[in-house]
Amino acid sequence: MKFLKNGRVAIITRGRYAGKKVVIIKVQDDGTKSHPFGHALVAGIERYPAKVTKRMSKKTTAKRSKVKPFIKTVNFNHIMPTRYTLELETLKNIISLDTFKEPSQREDAKKTIKKALEDRYTSGKNRWFFQQLRF
């Protein structure tokens, strides 16, 4: 699909992560042997950061600014693209189709994604991406 490109923010519409925001990392238009349909490799936020106010201490702020990420391959039918994009150059090198074969590689990828997303959140960029969808 032409409009589903790397870096595009999308929303998952089906399954366990329905309503969660994700960033498309890699697009497979033709599919693969294991997934014979058009799909995308995505990284998203499973648990969003909590609200932080000025009165809170640094320790509380650090704790409430944590993000829980996930990585997944998702069928094109189950993601809804948005107008937003998120440039995370570090994620493209970390996640590939081989990442899903070994659980330890998957955990390492999640840790690096977590760090990248938390850095992005604390810097104040892409604020919409880190707010939970209310519906």
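If you're wondering where the values come from, they're calculated on a predicted model, not measured in any experiment.

(A) Layout of the environment of Thr53. Counting through the fold element by element, Thr53 comes out in the loop between strand S3 (39-47) and helix H1 (58-64). By relative accessible area, which is 38% here, Thr53 ends up partly exposed. Each C-alpha atom of the pair Thr53 and Gly31 lies 45 Å from the other, and the pair is 22 residues apart in sequence.

(B) The packing of aromatic side chains, seen in detail. Inspection of every chain in the model, using the stated rule, returns 4 aromatic pairs. Arranged with centres 3.8 Å apart and planes meeting at 5°, the rings of Tyr17 and Phe70 form a pair that is stacked. In this pair, Tyr17 is assigned in the loop between strand S1 (8-12) and strand S2 (21-28) and Phe70 in strand S4 (residues 68-75), connecting sequence segments 53 residues apart. Phe70 carries the same exposure label as Tyr17, and that label is buried. Through a chain of ring-to-ring contacts, three or more aromatic side chains come together here, namely Tyr121, Phe129 and Phe130. One cation-aromatic arrangement involves Lys21 over Trp128; the distance from NZ or CZ to the ring centre is 3.8 Å.

Thresholds, definitions, all that
Residues numbered from 1 in each chain as written. Predicted model: local features only at pLDDT ≥ 70, side-chain atom pairs only at ≥ 80, totals over all residues. Heavy atoms only, no water. Helix = DSSP H or I, 4+ residues; strand = E, 2+ residues; numbered from the N terminus. Buried < 20%, exposed > 50% of the residue type's maximum accessible area, 1.4 Å probe, protein only. Phe/Tyr/Trp six-rings, centres within 6.5 Å; stacked < 30°, edge-to-face > 60°. Lys NZ or Arg CZ within 6 Å of the ring centre and 35° of its normal.

Keep in mind that these numbers describe shape and distance, not what the molecule does.
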